[in-house]
Amino acid sequence: MNSMKKLVVLTGAGISAESGLATFRGAGGLWEGYRLEDVATPEGWDRNPGLVLDFYNQRRKTALEAKPNKGHRILAELEKYFEVTIITQNVDNLHERAGSTNVIHLHGSLFEARSTIDETLVYPIKGWELKLGDCCEKGSQLRPNVVWFGEQVPNMEVALTHAMQADIFLIVGTSLQVHPAADLIYFVKSEIPKFIVDPDVPVVNGVDNLKSIAEKASTGLARLKPKLIQLA
């Protein structure tokens, strides 16, 4: 039996938007009424950690109530035909809940907390609340284990390795505005098939063998699935 081809998928906020989770792109830099500088930067955290914790508590609560949609489920189903690696910019766990088994979170996870003095200390968050006074074993306040603007993306090296090994590369629901995630497509071998599924197909220059489907994740992936299976 031949080993399965490697399908690498980069997903962004668009796929979670269909499950009712807010995206911050296009809302004038606002996210659920908050300025990104206040809730998604190290400076915002230094100024007002209580506000930041409250913001992510609300995101976590909403994410727990959300359900994976057809787009998430199709990506999980593709594991029957491919070795699938999902590289997601999303901090929710909808891919995992849909059944995907190999998910790399580029921007961290809503459901993890990490120490503010030792970033190797990471803990699962039970339920939806992380409060002021919740500390790591070294006594420092816990923060959401998410990557804020201006911070390094620790999983980028792993993601690059997968992108370079891909036999098929798929982009779903991302504007390709956030770097370094948006650069991944340039590390994919030029000869392999590449697909973008997004209602507003982003402009990608200098990439060969790229086809686009200008639809939301659920309907676009439903159309693309049989074509992908032919390539398996």
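Data block above holds the structure.
The structure contained in this document is the topic of the report that follows. Here the structure is a predicted model, which means the values were calculated and not measured.

**Observations concerning the sheet that holds strand β4 (residues 83-88)**
Spatially, six strands are ordered β5-β4-β1-β9-β10-β11 in an open sheet, and the strand pairing comes out parallel. Each of the sheet's edge strands pairs with one partner strand only, and the pair in question is β5 (103-105) and β11 (210-213). The sheet shows a mean angle of 15° between the axes of neighbouring strands, taken without regard to direction. Bridge count between strand β1 (residues 6-11) and β4: six bridges; the pairing is parallel.

**Some points on a nonpolar patch on the surface**
A cluster of nonpolar residues, M164, Y186 and F187, forms a patch on the protein surface that exposes about 310 Å² of accessible area. With respect to the helices and strands, M164 occurs in helix α7 (residues 156-165). Residue classification places M164 among the partly exposed residues on the basis of a relative accessible area of 43%.

**Here we look at unusual backbone geometry**
When glycine is set aside, most residues are seen to have a negative phi, and most peptide bonds are trans. The step from H179 to P180 runs through a cis peptide bond, and the omega angle for that step is 10°. Positionally, P180 belongs in the loop between β9 (168-172) and β10 (194-197). For L176, which is not a glycine, the phi torsion comes out positive at approximately 55°. Mapped onto the secondary structure, L176 falls in the loop between β9 and β10. Positive phi values are uncommon outside glycine, yet N209 reaches one of about 55°. On the accessibility criterion, N209 (44% relative accessible area) is partly exposed.

**Details of the sheet that holds strand β6 (residues 108-115)**
Ordered by their spatial adjacency, three strands build an open sheet running β7-β6-β8, and the pairing between neighbours is antiparallel. Each edge of the sheet is formed by a strand with only one pairing partner; in this case those strands are β7 (122-124) and β8 (142-146). Across the sheet, the axes of successive neighbouring strands diverge by a mean angle of 45°, strand direction being ignored. Note: β6 against β8, five bridges, orientation antiparallel. Its bridge partner lying in β8, S115 is registered against L142.

**Considerations on the nonpolar core**
Most often, soluble globular proteins have nonpolar side chains that are buried together. In terms of nonpolar packing, the biggest core is built from 24 residues, with L10, I87, L106, F169, I171, L176 and L184 touching the most fellow members. For this core, the secondary-structure elements that each account for two or more residues are β1, α7 and β9. Top contributing element to this core by residue count: α7, with four residues. If near-sequence neighbours (up to four positions away) are discounted, L184 is found in contact with L10, I87, L106, M156, A159, L160, A163 and F169. By size, the runner-up hydrophobic cluster in this structure holds 22 residues, among which are V39, A63, L130 and W148.

**A word on the packing of aromatic side chains**
Tallying each qualifying case throughout the model produces four aromatic pairs. Ring geometry for Y34 against F55: centres 4.8 Å apart, planes inclined by 70°, an arrangement best described as edge-to-face. In this pair, Y34 is assigned in strand β3 (residues 34-35) and F55 in helix α4 (residues 49-65), connecting sequence segments 21 residues apart. Plain terms: the ring middles of W45 and W148 are 5.8 Å apart, the flat faces sit at 35° to each other, and that makes the pair tilted. Taken as a pair, W45 in helix α3 (residues 42-47) and W148 in the loop between β8 and α7 lie far apart in primary sequence, 103 residues in all. Across the pair, W148 and W45 agree in class, each one buried. The structure contains a cluster of three or more aromatic residues connected by ring pairs, namely Y34, W45, F55, Y56 and W148. Residue placement shows R143 over the ring face of W148; its charged tip is 3.7 Å from the ring centre.

**Some points on α4**
For α4, which comprises 17 residues, the first-to-last C-alpha distance of 24 Å matches the rise-based estimate of 24 Å (1.5 Å per residue) to within 8%. Within the sequence span of α4, burial applies to V52, L53, F55, Y56, N57, R59, R60 and A63.

**Some remarks on α7**
Along α7, the residues that are buried comprise M156, A159, L160, H162 and A163. All buried residues of α7 project into a common sector of 165° when viewed along the axis, lining one side. Buried positions along α7 lie against β1, β4, β5 and β9.

Conventions adopted
- Residues numbered from 1 in each chain as written.
- Predicted model: local features only at pLDDT ≥ 70, side-chain atom pairs only at ≥ 80, totals over all residues.
- Heavy atoms only, no water.
- Pairing = 2+ DSSP bridges.
- Helix = DSSP H or I, 4+ residues; strand = E, 2+ residues; numbered from the N terminus.
- Axes fitted to C-alpha atoms, helices over the stretch in contact; angles between N-to-C directions.
- Patch = residues over 30% accessible without salt bridge, like charges linked within 9 Å, V, L, I, M, F, W, Y side chains within 5 Å.
- Areas by Shrake-Rupley, 256 points an atom, 1.4 Å probe, with all protein chains shown as cover.
- Salt bridge = Lys/Arg side-chain N within 4 Å of Asp/Glu carboxyl O.
- Buried < 20%, exposed > 50% of the residue type's maximum accessible area, 1.4 Å probe, protein only.
- Core = buried A, V, L, I, M, F, W, Y, C linked by side-chain atoms within 4.5 Å.
- Contact = heavy atoms within 4.5 Å.
- Phe/Tyr/Trp six-rings, centres within 6.5 Å; stacked < 30°, edge-to-face > 60°.
- Lys NZ or Arg CZ within 6 Å of the ring centre and 35° of its normal.
- Expected span 1.5 Å × (residues − 1).
- Arc of directions from axis to C-beta.

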